[in-house]
Amino acid sequence: MGRTLEITPCRRFRGEPRLPGDKSISHRALLLAGLADGTSRITGLAAGWDLLATREALRRLGVAIDLISESAVTVVGVGGASHLREPEEPIPCLNSGTTARLLAGVVAGLPGLTVLSGDASLRRRPMRRVIEPLRETGARLWGRAQDTCLPLCIQGQARLRPLSYRLPVPSAQVKSALLLAGLAADGVTTIEEPVPTRDHTETMLRAAGIDCQRTGPLITVSGPAVPQPGDRAIPGDPSAGAAFAVGAAIHPGSHIVLRRLGLNPTRTGFLDILARMGAAVEVLERAEAKGEPVGDVAIKGRGLRGLDLGPADIPGLIDEIPLLAVAMALAEGPSTIRGAEELRRKESDRLACLTRELQRFGLAVTETADGLTLPGGGRPVAPAFADTHGDHRIGLAVAILATAATGTTLLRDAQWLDVSFPGFEAELRRVATP
Ligand code: S3P
């Protein structure tokens, strides 16, 4: 059933919004714990449908997962992909690209047949990027639409050939799939990553005792190897925090603090951009948890100015671009986003959907082949009948924009926010101050 969210304007954002655990780290923590040789305990796990998909997939593959609370689990690992159970039925990856792509790498090492499927959005997303390199490991893979899309059929084997592969598009999901397959390979897998992407998989493999190294653009993992089990507290999700950071930045006089936020430098590009646009961003407290930096971050809203984002900026803020586009639309002076064509291959065509939604609020924006052009100076913002387009990140961006409108906005199909941030609405109501 569709849910409609009513968003009233606010003057500023104040307080400490509670964030779900980092989604990327949560997927990886579950997968590595499932492959480990023993029991792991994970706390601060991400909420949302995407993580449900990974949890359910692991259960179907024979991994025992017990819920201790809503965000804490124990996982009994099977001791390597070759000990996973051949699933009796296709695995529904729901809306989650990370589940589908990372699992493809994992089950390449399962000597049996696995079928991965997903919802209508996920079935449209490109899968050739994992099919082609995984075939070189000796696993056999077939996909719908000439090996480009889900459902994906994978006949794995217990021992894979080690890969040497250069990523044609910057993608942490593809890199991670290949590194996870590397755990079942006989020898050293080498991935070349010309543009750096989030490096959680590498950090977490090392924390689990796996020989995984980075030299310049080259990442290696030595197989065969089984991760060690361990306990992990997952930091707050920077991509969820970005909603409140942008909310604070667009409302001068705002002051929010994001506690125990993940501060991995491959994820915090949006904080640097907001600071360059004129927001006050301060890291109050820094720590490290198993190689992942975390900290408390204060963001204060002041006037924003426009700026240009180019191809090298994109991987470090790929999921935050819809929110940053909102800041750019309201900033003084023009902004451009270039080199972001990958946004067309996410849960929706984010360039097209963002353009449509910003225009509904009366904001000027032009869609280009690989980005957006925003003249800025968008206030006053007209309230709108807005839409998530079935995409949680579009929904978050629209909801934040709506707080700057001159009247009440109705956001249709707001249930999609639950993909990554089920408690968003309550947190927004707590911090958006009339
Ligand atoms: C993710 C990588 C990114 C990102 C996605 C999560 C990950 O996707 O957009 O939300 O956890 O590895 P790509 O690897 O396709 O860029």
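Up top you'll find the structure we're talking about.
The text that follows walks through the structure, step by step, so that each part is easy to find. What you are looking at is a predicted structure, and each value in this text was computed from that prediction instead of being measured.

This part is about the pattern of salt bridges. Inspection of the entire model under this criterion finds 29 salt bridges. For the salt bridge of Glu-16 with Arg-259, the shortest nitrogen-to-oxygen distance reads 2.8 Å. Within this pair, whereas Glu-16 is found in the loop between strand E2 (12–15) and helix H1 (23–35), its partner Arg-259 is found in strand E15 (residues 255–262), the two being separated by 243 residues in sequence. According to the relative accessible area criterion, Glu-16 is partly exposed, its value standing at 39%. Measuring nitrogen to oxygen at the nearest pair gives 2.8 Å for the salt bridge that ties Glu-367 to Arg-344. Taken as a pair, Glu-367 in strand E20 (residues 366–368) and Arg-344 in the loop between strand E19 (335–337) and helix H12 (350–360) lie far apart in primary sequence, 23 residues in all. Classification of Arg-344 by relative accessible area gives partly exposed; the value is 25%.

When you line up the elements, Gly-390 lands in the loop between strand E22 (385–387) and helix H13 (392–402). A C-alpha to C-alpha distance of 26 Å links Gly-390 and Arg-60, two positions 330 residues apart in sequence.

As a matter of local geometry, the ligand sits amid Ser-24, Arg-28, Thr-98, Arg-101, Ser-171, Ala-172, Gln-173, Arg-198, Ile-318, Asp-319 and Lys-346. Ser-24 is positioned with one of its side-chain polar atoms (N or O) 2.7 Å from an oxygen atom of the ligand. One of the backbone N or O atoms of Gln-173 is found 2.9 Å from an oxygen atom in the ligand. Protein coverage of the free-state accessible area of the ligand, which is 380 Å², stands at 94%. Secondary structure elements with two or more residues in the shell around the ligand: H1, helix H3 (97–107) and helix H7 (172–182).

Considering all chains together, one arrives at five aromatic pairs under this definition. The interplanar angle of 70° and the centroid separation of 5.4 Å between the aromatic rings of Trp-49 and Trp-416 together place this pair among those described as edge-to-face. Placement of Trp-49 in helix H2 (residues 49–60) and of Trp-416 in the loop between strand E23 (409–412) and helix H14 (424–431) is noted, with a sequence separation of 367 residues between them. When its relative accessible area of 28% is taken as the criterion, Trp-49 is described as partly exposed. Aromatic rings pair up to connect Phe-13, Phe-244, Phe-421 and Phe-424 into one cluster.

In this section: the pairing of strand E12 (residues 212–215). Relative to strand E13 (residues 218–223), E12 is paired through four bridges, and the arrangement is antiparallel. Its bridge partner being in E13, Arg-214 is matched across the sheet by Ile-219. Here E12 hands over to E13 after two residues, with Gly-216 in that stretch at a positive phi of 55°.

A few words now on H12. Every α-helical turn comprises 3.6 residues, leaving residues that sit three or four positions apart pointing alike. Residues of H12 that are buried: Arg-350, Leu-351, Cys-353, Leu-354, Thr-355, Glu-357 and Leu-358. The inward-facing, buried residues of H12 abut helix H11 (321–330), E20, strand E21 (371–374), E22 and H13. The N-capping residue of H12, defined by a side-chain oxygen 3.2 Å from the backbone nitrogen of Leu-351, is Asp-349. Taken from the residues just after H12, Gly-362 is the one with a positive phi, measuring 80°.

Looking at the secondary structure, you find Gln-155 in strand E9 (residues 149–155). The exposure class assigned to Gln-155 is partly exposed, which follows from its relative accessible area of 23%. Along the primary structure Gln-155 and Ala-139 are separated by 16 residues, whereas in three dimensions their C-alpha atoms are 5.9 Å apart. Non-local contacts of Gln-155, meaning those with residues more than four positions away in its chain, are made with Pro-111, Gly-112, Leu-113, Ala-139, Arg-140 and Trp-142.

Cut-offs applied
Residues numbered from 1 in each chain as written. Predicted model: local features only at pLDDT ≥ 70, side-chain atom pairs only at ≥ 80, totals over all residues. Heavy atoms only, no water. Salt bridge = Lys/Arg side-chain N within 4 Å of Asp/Glu carboxyl O. Helix = DSSP H or I, 4+ residues; strand = E, 2+ residues; numbered from the N terminus. Buried < 20%, exposed > 50% of the residue type's maximum accessible area, 1.4 Å probe, protein only. Near = heavy atom within 4 Å. Polar contact = N/O pair within 3.5 Å; in protein donor to acceptor, adjacent residues only side chain to side chain. Areas by Shrake-Rupley, 256 points an atom, 1.4 Å probe, with all protein chains shown as cover. Phe/Tyr/Trp six-rings, centres within 6.5 Å; stacked < 30°, edge-to-face > 60°. Pairing = 2+ DSSP bridges. Contact = heavy atoms within 4.5 Å.

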